[in-house]
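Summary of structural features
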Amino acid sequence: TQKDSLFWCLYTAMYSQGEYNAIHRNYGLRKMELNQTILDNLKENTHLFKQVNHKFTKTAVTELLTDLSINQQSTSLVNVYAYLCFYKMNVYIINKEKQSYLPFIFDSEMPTYFIYVDSFKQYKLQLEPVSSSQIEKIENKFVCLEGIRKSLKSASAYKIADLTLIMEKLNLPTSGMKKNDMY
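Procedures and definitions
- Residues numbered from 1 in each chain as written.
- Predicted model: local features only at pLDDT ≥ 70, side-chain atom pairs only at ≥ 80, totals over all residues.
- Heavy atoms only, no water.
- Salt bridge = Lys/Arg side-chain N within 4 Å of Asp/Glu carboxyl O.
- Helix = DSSP H or I, 4+ residues; strand = E, 2+ residues; numbered from the N terminus.
- Buried < 20%, exposed > 50% of the residue type's maximum accessible area, 1.4 Å probe, protein only.
- Core = buried A, V, L, I, M, F, W, Y, C linked by side-chain atoms within 4.5 Å.
- Contact = heavy atoms within 4.5 Å.

Across all of its chains, the model carries 2 salt bridges by this definition. Lys-31 serves as the salt-bridge partner of Asp-4, at 2.5 Å between the closest nitrogen and oxygen. With a gap of 27 residues between them, Asp-4 in the segment before α1 (5–15) and Lys-31 in helix α3 (residues 27–44) connect regions that are remote in the sequence. The buried category is assigned to Asp-4, whose relative accessible area is 6%.

So this is what it looks like as structure tokens:
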């Protein structure tokens, strides 16, 4: 198992388990080469960032591309968007323990993969692209996080019905609670 499990999950989703296994050694070199290819491609195609489900300013794109070029230790969640733009796919990062997920969407018509994360920040790929019914199942049973940097909106953004639904997904009691207590 490689240290940067998120990167290798994305790599395996795009290329295959066999391609990953064929590397044998020099995983770091392969990662560096691929990141350079992605970097070169996205420098010329920054418009692709407009297609993802996250707003990127020009500064944010520059920061992401810089991080992609210098951070060889681990793939940050924001860098997942660079891989989506290059690979043309979607990813749901799912935390079963916390019953939550974070969707990274490039184009809903493209293949979607589930990557599971554990409490040790180790990522595991579900090898086959998922079906729309599998996506619906996750969306109905788990709580969708608002983004990379914040998990929920502010309390005022939710109606009591919204908070009740979230609490039901998490199997938490809701009776007799006020909105702030629910939040």
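So, next bit.
Side chains of nonpolar character tend, in soluble globular proteins, to be buried together. Grouped together as the largest cluster of nonpolar side chains are 41 residues, with contacts concentrated most on Phe-49 and Ile-115. Counting residues per element, the ones that place at least two in this core are α1, α3, α4 (58–70), α5 (80–87), β1 (90–95), β2 (100–104), β3 (112–117) and β4 (123–125). Dropping the residues within four chain positions of it, Phe-49 is found in contact with Leu-42, His-54, Phe-56, Val-61, Leu-64, Leu-65, Tyr-81, Ala-82 and Cys-85. Membership of the second largest hydrophobic core comes to 8 residues, among which are Ile-94, Phe-114, Ile-135 and Ile-138.

Shape is all these values report; function is a separate question.
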